[in-house]
Amino acid sequence: PYFNETWGVCPSLLPLSKQRELKELAVAAVEAIGFDCGVFHVECKYTSTGPQLIEVNARMGGGPVYQHNLQTWGVDLVEETLLVALGIPARPPAPREPKVATAYFLVPAKASGSVSELPNTEKLALED
């Protein structure tokens, strides 16, 4: 089904049992396309029928993914990508507990359109 991604929280707020199911699906999906090391962007969603795969890509996730992993777990995905590219095994030390919690929220536009002019940003910067 169609849905819009509007927010994210790291670490997950889902029960551990559901997190395990999602992790198992993500790992199985990456292995099914023949990868055994690297940094991957895998999106899954837990639905009323269980975990569902959305996408798998052989790349780091976009948007806030890098910062979420770095801030929450202390794992630098760019560094890990470079290590794998150099043939150095990627096994980043990750804490058992998150260092901090991070979250983001996306506000979708009410309508599609084009930007025809920009406000005076210098003036806006001076406002309290």
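As the structure is a prediction and not an experimental result, all values here were calculated from the model. (Residues numbered from 1 in each chain as written. Predicted model: local features only at pLDDT ≥ 70, side-chain atom pairs only at ≥ 80, totals over all residues. Heavy atoms only, no water.)

**Regarding the overall build of the protein chain**
Stage number 1. Regarding its fold elements, the protein chain presents four helices and four strands.
Stage number 2. Along the first, second and third principal axes, the C-alpha atoms of the protein chain reach 50 × 40 × 30 Å.
Stage number 3. Within the protein chain, the fraction of its 128 residues that count as buried is 12%.
Stage number 4. Counted over contacts in the protein chain with a minimum sequence separation of 6, partners at least 24 positions apart contribute 51%.
Stage number 5. Counting every atom, the protein chain has about 10100 Å² of accessible surface; 58% of that belongs to carbon and sulfur.
Stage number 6. Seen as two clouds, the 10 positive and the 15 negative side-chain charges of the protein chain have centres 7 Å apart. (Helix = DSSP H or I, 4+ residues; strand = E, 2+ residues; numbered from the N terminus. Buried < 20%, exposed > 50% of the residue type's maximum accessible area, 1.4 Å probe, protein only. Contact = heavy atoms within 4.5 Å. Areas by Shrake-Rupley, 256 points an atom, 1.4 Å probe, with all protein chains shown as cover. Lys, Arg positive; Asp, Glu negative; His and termini not counted. Charge placed at Lys NZ, Arg CZ, Asp CG, Glu CD.)

**Thoughts on the side chain of Thr102**
Stage number 1. Turning to its location among the elements, Thr102 is positioned in strand 4 (residues 102–105).
Stage number 2. In terms of polar contacts, Thr102 uses its side chain to reach the side chain of His68, at 2.3 Å.
Stage number 3. Polar contacts involving the side chain of Thr102 include one to the side chain of Thr72, which spans 3.2 Å. (Polar contact = N/O pair within 3.5 Å; in protein donor to acceptor, adjacent residues only side chain to side chain.)

**A closer look at a nonpolar patch on the surface**
Stage number 1. A surface patch of nonpolar side chains, amounting to about 540 Å² of accessible area, comprises Trp7, Leu13, Phe105 and Val107.
Stage number 2. The residue Val107 is located in the loop between strand 4 and helix 4 (121–126) in this model. (Patch = residues over 30% accessible without salt bridge, like charges linked within 9 Å, V, L, I, M, F, W, Y side chains within 5 Å. Salt bridge = Lys/Arg side-chain N within 4 Å of Asp/Glu carboxyl O.)

**Quick look at the pattern of salt bridges**
Stage number 1. Enumeration over the complete set of coordinates arrives at one salt bridge.
Stage number 2. Where Glu55 meets Arg59, a salt bridge forms, and the shortest distance between an N and an O atom there is 3.6 Å.
Stage number 3. Residue Glu55 is classed as partly exposed on the basis of its relative accessible area of 24%.
Stage number 4. What makes Arg59 partly exposed here is its relative accessible area of 36%.

**Some remarks on the environment of Thr49**
Stage number 1. Counting through the fold element by element, Thr49 comes out in the loop between strand 2 (41–47) and strand 3 (50–57).
Stage number 2. Judged by its relative accessible area of 65%, Thr49 falls in the exposed class.
Stage number 3. Reaching out from Thr49, the side chain makes a polar contact with the side chain of Thr47 at a distance of 3.0 Å.

**So, the confidence of the model for the protein chain**
Stage number 1. In the predicted model, the protein chain carries a mean pLDDT of 89, and the fraction of residues at 70 or more is 97%.
Stage number 2. When the elements of the protein chain are averaged for pLDDT, helix 4 gives the smallest value, 82, and helix 1 (residues 16–32) the largest, 97. (pLDDT = per-residue confidence, 0-100.)

**Observations regarding the environment of Phe35**
Stage number 1. By the secondary structure assignment, Phe35 is in the loop between helix 1 and strand 2.
Stage number 2. A relative accessible area of 33% means that Phe35 is categorised as partly exposed.
Stage number 3. Taking the C-alpha atoms as reference points, Phe35 and His68, 33 residues apart in sequence, are found 24 Å from one another.
Stage number 4. Ignoring sequence-local partners within four residues, the contact set of Phe35 consists of Val30, Phe40 and Ala58.

**Points about the side chain of His41**
Stage number 1. Mapped onto the secondary structure, His41 falls in strand 2.
Stage number 2. Its relative accessible area of 10% is what places His41 among the buried residues.
Stage number 3. His41 has contacts with Glu55, Val56, Asn57, Arg59, Met60, Gly61 and Val65, leaving out every residue within four places of it along the chain.

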